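Each chain is listed here by its residues.
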Amino acid sequence: MSKSARNRAQRNALTKREIPWGAIAFFTVIGLVAVVAIGFAFMQSRASSDSAIAGLVEKDGLGREHTSGAVQYETKPPMGGDHDPMWQNCDGRVYDRQLRDENAVHSLEHGAVWITYRPDLPADQVKRLKDKVESVEYTMLSPYTGQDSPITLTAWGKQLKIEKADDARVDSFLRSFVKGPQTPEPGAACSGAKDTP
């Protein structure tokens, strides 16, 4: 091999580009750590946001069996428990009549928030609740005879009683519990079942 050919071969070896696998691996690991950290922080903030809701009532150990019969619930409206095999459609639904508890509870199991109001709630308050529910998936609204507060927000094992529809805790409750960490069956449907009260 001539001297000039040898010099060209050396130059080519020195200028040849190689894939920087070390740098790629380093930045991939850094990216994965960042994604995990951000996800963890998000879940912590979502889980802790419910504890900041003043007046929130929580209940654990709720049954989850299917039954076609009537269930005697401890609270009105119920926060969970045994329920009908068919859920109440809860894809931003507004009902003008009281729902059957057993169907509504099944929707709570799927991650829905059920907002109920006393039938004597002023029309402007009902309208405000209706507008809210129609804009948020996995929610439903209905009157509820006999509840002890003007408005009650209920998720599986979580409940908040309020006086007025413009209470800031409504948004906090929805943010925390619509398909929230309390959901026994995450990813389950909220439509395609019972469509009438």
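Scroll up to find the structure this text is about.
On a predicted model such as this, the values are computed, not experimentally measured, just so you know.

> Please clarify how the sheet that holds strand 2 (residues 91-94) should be interpreted in this entry.
Within a beta sheet, neighbouring strands are joined by backbone hydrogen bonds and run either parallel or antiparallel to one another. Here six strands make up an open sheet; going across it, the order is 1-6-5-3-4-2 and the pairing mixed. Edge positions in the open sheet fall to strand 1 (57-58) and strand 2, since each of these has one partner strand only. In terms of strand pairing, strand 3 (residues 113-117) meets strand 5 (residues 151-155) through four bridges, oriented antiparallel. By the bridge assignment for strand 5, Tyr-117 is matched with Ile-151. The strands touched by helix 3 (residues 101-109) are strand 3, strand 4 (139-143) and strand 5; relative to strand 3, the strand with the most contacts, the crossing angle is about 140 degrees.

> How do you make sense of unusual backbone geometry when you look at a structure like this?
Phi is mostly negative for residues that are not glycine, and the peptide bonds are mostly trans. Cis peptide bonds are those with omega within 30 degrees of zero, and the linkage from Lys-76 to Pro-77 qualifies with -5 degrees. Within the element layout of this structure, Pro-77 appears in the loop between strand 1 and strand 2. Phi at Tyr-138 is positive, roughly 60 degrees, even though this residue is not glycine. Considering the arrangement of structural elements, one finds Tyr-138 in the loop between helix 4 (123-134) and strand 4. Although it is not a glycine, Lys-179 sits at a positive phi angle of roughly 50 degrees. Structurally, Lys-179 can be placed in the segment after helix 5 (169-177).

Cut-off values and rules
- Residues numbered from 1 in each chain as written.
- Predicted model: local features only at pLDDT ≥ 70, side-chain atom pairs only at ≥ 80, totals over all residues.
- Heavy atoms only, no water.
- Pairing = 2+ DSSP bridges.
- Helix = DSSP H or I, 4+ residues; strand = E, 2+ residues; numbered from the N terminus.
- Contact = heavy atoms within 4.5 Å.
- Axes fitted to C-alpha atoms, helices over the stretch in contact; angles between N-to-C directions.

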